[in-house]
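Notes for the structure review
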Amino acid sequence: MLIKLGTLLNKTFDVTVKNLSRETGWCWGDDKVNVSFRVNKPNTPNNSNVICLKLSISDEIVSQRIENVLGKGVDIWEITVPEPNLYKITKESDLSNFSITVNSVMNEIKNIYGQNKSIHVFPAVSNALAVEFGRCYMPKVYNPLVLYDATGKEGVFIKTIEI
């Protein structure tokens, strides 16, 4: 739902996104270390495969959980950080770097697969990153999105929204 909210608060609006922290409240911390986002791509992208994007920032998402939902024959892309955890994003510049990474990945996916195939998005991100991911999305430029959410104690992913 927060990704969808982000699409409504897109980059055409002057919006400030913040993370709620138990330590600092609604403000960014003063951590000096920048988070480095890493992109993991499929070894050999196959245009006939389903496209998946894992956002493994707050937690790691095991690929088997995605295959349990989408089956085999999935090209899994991932935006992640070293040692994913809920408290990874502490500065506004982390949010900006995430946006740059998202835009780069979305463009690369579009260039490889074309613009008509949906991207199945499996997020493990903070509220701020979910909103920011949605703000980055440009429906006239990028592939359609199918969003999933983990539910229950087992964290089974279910399809929630198509954008």
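Our subject is the structure that appears above.
Every value quoted in this text rests on a predicted model; they were computed, and no experiment measured them.

1. Looking at a nonpolar patch on the surface
On the surface, L2, L5 and L8 cluster together to form a nonpolar patch covering roughly 240 Å² of accessible area. Residue placement: L2 occurs in helix α1 (residues 2–8).

2. Quick word on the sheet that holds strand β4 (residues 119–124)
Pairing within the open sheet is mixed, and its six strands lie in the order β1-β3-β2-β4-β5-β6. The sheet is open, and its two borders are formed by β1 (38–40) and β6 (156–162), each paired with just one other strand. Looking at each pair of strands side by side, their axes are set apart by 25° on average, direction ignored. Sheet topology note: the strand β2 (residues 50–56)/strand β3 (residues 74–80) ladder contains seven bridges and is parallel. By the bridge assignment, I51 is partnered in β3 with D75. Helix α3 (residues 92–113) rests against β1, β2, β3, β4 and β5 (145–151) of the sheet, and its axis sits at about 165° to β3.

The rules behind each value
- Residues numbered from 1 in each chain as written.
- Predicted model: local features only at pLDDT ≥ 70, side-chain atom pairs only at ≥ 80, totals over all residues.
- Heavy atoms only, no water.
- Patch = residues over 30% accessible without salt bridge, like charges linked within 9 Å, V, L, I, M, F, W, Y side chains within 5 Å.
- Areas by Shrake-Rupley, 256 points an atom, 1.4 Å probe, with all protein chains shown as cover.
- Salt bridge = Lys/Arg side-chain N within 4 Å of Asp/Glu carboxyl O.
- Helix = DSSP H or I, 4+ residues; strand = E, 2+ residues; numbered from the N terminus.
- Pairing = 2+ DSSP bridges.
- Axes fitted to C-alpha atoms, helices over the stretch in contact; angles between N-to-C directions.
- Contact = heavy atoms within 4.5 Å.

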